[in-house]
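# Notes for the structure review
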Amino acid sequence: MESKEDREQDHTEEVLGRSVVRWNPLRALPDGSSARVDNFGDLLGPLIAQRILWLNNINSGLADSRRLLTVGSILHFALPDDVVWGSGINGKVPGRKVGSTKLDVRLLRGPRSKSHLHNMGTSAPHLFGDPALLIPTLFPEVRGWTDVKTRDVLVVPNLNDKLLFDDELPMVSPRNEIWLVVRAIAQSKFVVASSLHALILADALGIPNRAVKPEAEHHTKYMDYYEGTGRTRVQLARNYSEALDLGPTARGTYDIEGIYNSFPLDLWRPDAQKNHPHTAVPPVDEWKDIDNNISDWESYSGNPSDDVLPALLRRCLRPVRDDGSGNIEKPRQQALALIERLPHQSLTPRLGPEEKALLQDLTSAKETQQAIRSE
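Residues numbered from 1 in each chain as written. Predicted model: local features only at pLDDT ≥ 70, side-chain atom pairs only at ≥ 80, totals over all residues. Heavy atoms only, no water.

## Side note on the overall build of the protein
This is how it is decided: Segments assigned H or I by DSSP are reported as helices when at least four residues long, segments assigned E as strands when at least two residues long, and all are numbered from the N terminus. Buried means the residue's accessible area, taken with a 1.4 Å probe over protein chains only, is under 20% of the maximum for its type, while exposed means over 50%, and partly exposed covers the values in between. In what follows, residue pairs with any heavy atoms lying within 4.5 Å of each other are defined as contacts. The Shrake-Rupley method, run with a 1.4 Å probe, gives the accessible areas here. Residue values count only the displayed protein chains as cover.
Scanning the protein for helices and strands turns up 15 helices and 10 strands. The buried share among the 375 residues of the protein stands at 53%. When contacts within the protein are restricted to residue pairs at least 6 apart in sequence, long-range pairs at least 24 apart make up 59% of them. Surface accessibility of the protein: about 17,600 Å² in total, with carbon and sulfur atoms responsible for 48%.

Here is the structure:
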């Protein structure tokens, strides 16, 4: 149950002048100081909103009091006139699980949240989904991380559930930096989690996963999400071993374009439609995205043999191998320009036979051209 201290804290983050609600309370530390919980799933809402605004070239907001509620079981924080995009009810909150009935609902996490709102007299569209399902679409570099698997199984506990799992298991804390957690999930073959958003991200990335019934959380939010993605009979494992025995949960279905298009752009731009059905999910410029990723890693001070680098090298090669335009010279030149910025010689042993052959073909062709020019 949420404490009085939690309820009295400010649970909003400013995104271009608009308050976006997210749960991230201050908690007391043993030394008498305090720190934010920083549970990665609860921090995704403002991040996703900011990215969508950037993709739509919006750089300022309107001056009014309406807030946006998005990722998380945070409907109990709702105030009159708040806009809801993908939030859900929290089963741990007693009595009224929604803070206000005067809401502008664009998207809900699942049918259990819709039913609760309906019983309170608040209407909502029949569109379900957690906005975190958009992460691979909004941040396509995350898809590249799935190319290299660094572990067979990853455990991601709910932030209050670490005792459910043995410390010797391959585990990542949900309180780590957001992208570290996302990357760990992306590079795993199977995810076992009591962290709801670890399961959601695994779904979004097509990674097999199984939920473990949490000790500290109510099952409502899990079933709300599963039922919203067409799965009504999901069994939550009792522990890690049972999760492995049960194997992956069946894949769900969800409308990525519907989720994206229901985002309330009009909160920031008055001329935007309340629902913007003609705004397609942004296309991905693969070359630009790879270039941006390599730029990030050029300034990275860590180990250059990190698993993300071979994944980036594979992404450089893929458009050349799969190009169907008939104009093979341009993608070869683009690929080479990017490959030369990577330590490709040391990464070659980590490629497959076909990838090695293509890399050899590209680099040897350039060496031949340079030799001809020098004569």
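Next comes the rest of the description.
## Description of the packing of helix α7 (residues 196-204) against helix α8 (residues 220-228)
Heads up, the condition is: Only the stretch in contact is used when a helix axis is fitted, and all axes are lines through C-alpha atoms; the angle between N-to-C directions ranges over 0 to 180 degrees. Angle categories: roughly parallel below 35 degrees, roughly antiparallel above 145, roughly perpendicular from 65 to 115, and oblique for all the rest. Handedness of a helix crossing follows the sense of rotation of the near helix relative to the far helix, less than a right angle counterclockwise being left-handed and clockwise being right-handed. Each residue gets one label: Ala, Val, Leu, Ile, Met, Phe, Trp, Tyr, Cys and Pro are nonpolar, Asp, Glu, Lys and Arg are charged, and the others, such as Gly, are polar.
Two elements in contact, α7 and α8, have axes whose closest approach is 10 Å; the angle formed by their N-to-C orientations is 15 degrees. Judged by the inter-axis angle, α7 sits roughly parallel to α8. Handedness of the crossing formed by α7 with α8: right-handed. Two secondary-structure elements touch here, α7 through L196, L199, I200 and D203 and α8 through K221, Y222, Y225 and Y226. For the contact of α7 with α8, a count of residues per class yields six nonpolar, no polar and two charged.

## What about the packing of aromatic side chains?
Note the threshold: Within 6.5 Å between ring centres, the rings of Phe, Tyr and Trp (the latter by its six-membered ring) count as paired, and their orientation is classed by plane angle as stacked under 30 degrees, edge-to-face over 60, tilted in between.
In total, this model carries five aromatic pairs according to the counting rule given. With a centroid separation of 5.7 Å and 15 degrees between ring planes, the pair formed by F263 and W268 is classed as stacked. For the pair F263 and W268, a shared accessibility class is recorded, and that class is buried. One aromatic cluster is present, built from ring pairs that chain together W85, F263 and W268.

## Here we look at the confidence of the model for the protein
What counts here: A score from 0 to 100, pLDDT tells how confident the predictor is in each residue.
Looking at the protein, pLDDT values average 83 and 82% of them are 70 or higher. Confidence drops under pLDDT 50 across residues 1-8; counting only partners more than four residues distant or on other chains, this segment forms 11 contacts.

## A few points about the sheet that holds strand β9 (residues 188-193)
To keep it simple, the criterion reads: Note on pairing: two strands pair once DSSP finds at least 2 bridges between them.
Taken together, the three strands give an open sheet; going across it, the order is β8-β9-β10, and neighbouring strands pair in parallel fashion. The strands lining the two open edges of the sheet, one partner per strand, are β8 (151-156) and β10 (209-211). Taken over all neighbouring pairs, the strand axes of this sheet differ in orientation by 15 degrees on average, direction set aside. Where β8 meets β9, five bridges bridge the pair, whose relative direction is parallel. Looking across to β9, one finds that V156 is bridged to A193.

## Side note on the packing of helix α3 (residues 111-119) against α8
Remark: α3 packs on α8, axes separated minimally by 7 Å, with the N-to-C direction vectors making an angle of 105 degrees. Classed by the angle they form, the pair α3 and α8 counts as roughly perpendicular. The residues of α8 that touch α3, namely those facing P111, R112 and S113, are T220, M223, D224, E227 and G228.

## Some points on the nonpolar core
Rules: Side-chain atoms within 4.5 Å link the members of a nonpolar core, which is a set of buried Ala, Val, Leu, Ile, Met, Phe, Trp, Tyr and Cys residues.
Counting residues in each nonpolar core, the largest one holds 57 residues, and the members touching the most others are I52, L68, W85, I185, Y226, F263 and W268. In this structure I185 touches F40, L154, V156, V191, A198, L201, A202 and I207, once residues within four positions along its chain are discounted. Grouped together as the second largest cluster of nonpolar side chains are 19 residues, I290, L312, V320 and L342 included.

## Focus on the sheet that holds strand β2 (residues 18-21)
Read across the sheet, five strands follow the order β1-β2-β5-β6-β7 without closing on themselves; strand pairing throughout is mixed. Edge strands, defined here as strands with exactly one partner in the open sheet, are β1 (12-15) and β7 (104-108). Strand direction decides the pairing type here: β1 and β2, joined by four bridges, are antiparallel. Residue pairing across strands places E14 opposite S19, the latter belonging to β2. Its contacts with the sheet place helix α2 (residues 44-55) against β1, β2, β5 (68-69) and β6 (83-87), and it is angled at close to 15 degrees to β1.

## So, α8
The periodicity of an α-helix, 3.6 residues per turn, causes residues three or four positions apart to be oriented the same way. Of all nine residues in α8, eight are buried; the element is thus mostly enclosed. Within the span of α8, buried status applies to T220, K221, Y222, M223, D224, Y225, Y226 and G228. Structurally, α8 contributes buried residues whose contacts are with α3, α7 and β10. Just beyond α8, the residue with positive phi is G230, at close to 80 degrees.

## Concerning the environment of L265
Mapped onto the elements of the fold, L265 is located in the loop between α10 (256-261) and α11 (286-298). With a relative accessible area of 1%, L265 lands in the buried category.

## Topic: the pattern of salt bridges
The criterion, for reference: A pair is scored as a salt bridge if a Lys or Arg side-chain nitrogen falls within 4 Å of a carboxyl oxygen belonging to Asp or Glu.
Scanning all chains against the criterion turns up 14 salt bridges. One salt bridge connects R67 with D82, and the closest N-O pair in it is separated by 2.8 Å. Taken together, the residues R67 in the loop between α2 and β5 and D82 in the loop between β5 and β6 connect sequence positions 15 residues apart. Side by side, R67 and D82 carry an identical accessibility label, which is buried. In this structure, the salt-bridge partner of K92 is E217, at a minimum N-O distance of 3.1 Å. Note that K92 is positioned in the loop between β6 and β7 and E217 in the loop between β10 and α8, a separation of 125 residues in sequence. Judged by its relative accessible area of 28%, K92 falls in the partly exposed class. Shared partners join several salt bridges into a network, and the residues in it are K92, E217 and K221.

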